[in-house]
Amino acid sequence: MSTGTTGAGGHRGHGRLALFAFGDFAFNLYWQSAMLYLLFYYTEALHLSLRAAAACYAIASVWDGIANLLVGVVMDRYAQPERFRPILIFGSVPLGAAFTLAYVPPPVAGTWMIAWVIAGHLLFRTAYALVNIPYLAMSARISVNSADRAFVAAGRMLSGTLAAIIVAVGTVPLGRAVSGGEGASAYGLAALCFAVVGSGLLLVVGLTYRDAGTIPQSERIASVPRAMIAALGNRAFVMLCAASIAMTIAVTVLDKSVLYYFKYVEGNQTAGQQTLGWMMAISAGAIPFWMMMSRRAGIRSIWLIAVGACAGCIAIFVLGELRSVTSVRLFLVAIQGSIVGLHFAYWALLPDTIEYGQRQTGIRAEAAHFGLAALIQRVAIGIGTLMVGLNLGADGLHHASAGDPGYRLLLAFVPLSFFVLTGLLVLAIPLRRGSHALILAELAEEQQTRAISGRMESSGDPESHGKRKMA
């Protein structure tokens, strides 16, 4: 029996939920560094061409997705859910070490340097998958209450946003302060500092976590293919993942264009770092707003509202011909606040698709669902990164201007297309407001019926034997 249950329906105390959600601070020290700075580190500190660096990043991103999927399906097949917590505990330190190694300057040059970069990045992504997938699966087990899950999603996003602000604004100053200089060594020492904090926090989260006591039980997964079939047969999950592909491509293109835009178009790299910090800061303020809105409109409606807000920001950017540092910064900050609504809706809906699929197939495969979702997300990130590399290229960086069509395409038209697409796809998600509570009630009734039937059979009830004969 779990601790911390405060009422019916699996509702849990906010203190334990908040502590678990703060684990995303650790993961985002790693994740946001990889998202915001690793590509920039490759081109500006290691002096790889943008196309070569983007290709390395895309390869690692695709592998990351594959690794997440493999970890998810194997864990659902061979590991009991009770083992998720020990994996989080014992994997925290190796994850920090692998992250630090991704920023170690290669001791070789040429083709071997590229091989070193790819190998270090692959090692980090593998370690991240091994630890992050159990954590994500635990987010569907800490409570089955939708309100609790929305609270955890908001808490995770706030924690991740805090980490993102620290990474965006603090990476270069922290590396400079610790190393006494700039360049590759500064990035490496900053990564080491982040790893020490991240590993320590994950240990605390793992040691204090407990499962909810009201998780709907299901049959044991007989094979890995069956786990995959269960996930792919889950309509709510499939449509949510399709919507997340379009969302992730749009966000990736925007995020990875920021530093290059301010350095090469505006000639002000510091302004780019500050803009990233402002973008992350507005995220922290936007999360409570979107959470409050979800109580009024429902999670699915929040996604559609956020899509409209993103499209509105892009329309102002294009029609207003914004080109100054201040105006572009305001555009990026405003659209980031809208993007937060998309992320909140995604992470709040994803755990609810577990029970939707369980009702359809009779199988509860948390890790497989989260692993497949991660695969799809990482592939989308790789696609978005390649778009940045192919659209700009090495020459595009050094000959850019404020009115450069390549940058305006990346900052406006490409994201707009994918934002509109994600809005259309989310309309097909069958989880309406209040439907998850009905699903939980149906699963509880089925579980109670099975339990009664099992007790009658084990007691040798003649009526149950007669019913089985008639059947």
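Shown above is the structure to which this text applies.
Let us look at the structure shown here. Not measured: the values here are computed from a predicted model.

Conventions we followed
- Residues numbered from 1 in each chain as written.
- Predicted model: local features only at pLDDT ≥ 70, side-chain atom pairs only at ≥ 80, totals over all residues.
- Heavy atoms only, no water.
- Core = buried A, V, L, I, M, F, W, Y, C linked by side-chain atoms within 4.5 Å.
- Buried < 20%, exposed > 50% of the residue type's maximum accessible area, 1.4 Å probe, protein only.
- Helix = DSSP H or I, 4+ residues; strand = E, 2+ residues; numbered from the N terminus.
- Contact = heavy atoms within 4.5 Å.
- Axes fitted to C-alpha atoms, helices over the stretch in contact; angles between N-to-C directions.
- Parallel < 35°, antiparallel > 145°, perpendicular 65-115°, else oblique.
- Left-handed = near helix turned anticlockwise from the far one by under 90°.
- Nonpolar A, V, L, I, M, F, W, Y, C, P; charged D, E, K, R; others polar.
- Patch = residues over 30% accessible without salt bridge, like charges linked within 9 Å, V, L, I, M, F, W, Y side chains within 5 Å.
- Areas by Shrake-Rupley, 256 points an atom, 1.4 Å probe, with all protein chains shown as cover.
- Salt bridge = Lys/Arg side-chain N within 4 Å of Asp/Glu carboxyl O.

### Describing the nonpolar core
And then number 1: Counting 150 residues, the largest nonpolar core has Tyr-41, Leu-95, Trp-303, Ile-335, Phe-344 and Phe-419 as its most contacted members.
And then number 2: A per-element tally of this core places helix α9 (residues 235-265) first, with 20 residues.
And then number 3: Those residues in contact with Trp-303 that sit more than four places away from it in its chain are Leu-240, Ala-243, Ser-244, Met-247, Leu-342, Ala-345, Tyr-346, Leu-349, Thr-422 and Val-426.

### Focus: the packing of helix α2 (residues 23-44) against helix α7 (residues 184-208)
And then number 1: One way to put it is that α2 packs onto α7 with a least axis distance of 7 Å and a crossing angle of 160°. Comparing the axis directions of α2 and α7 gives the class roughly antiparallel. The two elements α2 and α7 cross, and the hand of that crossing is left-handed. Facing Gly-23, Phe-25, Ala-26, Phe-27, Leu-29, Tyr-30, Tyr-37, Phe-40 and Tyr-41 of α2, the residues of α7 in contact are Ala-184, Tyr-187, Phe-194, Ala-195, Val-197, Gly-198, Ser-199, Leu-201, Leu-202 and Val-205.
And then number 2: Tallied by class, residues from the contact of α2 with α7 come to 16 nonpolar, 3 polar and no charged.

### Some thoughts on a nonpolar patch on the surface
And then number 1: A cluster of nonpolar side chains, contributed by Val-62, Trp-63, Ile-66, Leu-70, Val-379 and Ile-383, occupies part of the molecular surface with about 430 Å² of accessible area.
And then number 2: Secondary structure elements with two or more residues in the nonpolar patch: α3 (50-78) and α14 (366-398).
And then number 3: For the nonpolar patch, the element with the highest residue contribution is α3, accounting for 4 residues.
And then number 4: Position of Ile-66 among the secondary structure elements: in helix α3.

### Examining the side chain of Gln-336
And then number 1: Assignment of secondary structure puts Gln-336 in helix α12 (residues 325-349).
And then number 2: Aside from chain neighbours lying at most four places away, what touches Gln-336 is Asp-255, Met-279, Met-280, Ile-282 and Ser-283.

### Considerations on the pattern of salt bridges
And then number 1: In the structure shown here, the tally under the stated rule is 4 salt bridges.
And then number 2: For Asp-64, the salt bridge goes to Arg-125, with nearest N and O atoms at 2.8 Å. A residue pair is termed long-range when its members are at least 10 positions apart, and Asp-64 in helix α3 and Arg-125 in helix α5 (residues 111-139) qualify at 61 residues. Comparing Asp-64 with Arg-125 shows no difference in burial state: the two are buried.
And then number 3: The partner of Asp-64 in a salt bridge is Arg-378, with the nearest N and O atoms 2.8 Å apart. Taken as a pair, Asp-64 in helix α3 and Arg-378 in helix α14 lie far apart in primary sequence, 314 residues in all.
And then number 4: A residue is classified by how much of its surface remains accessible, and Arg-378, at 4% relative accessible area, is buried.

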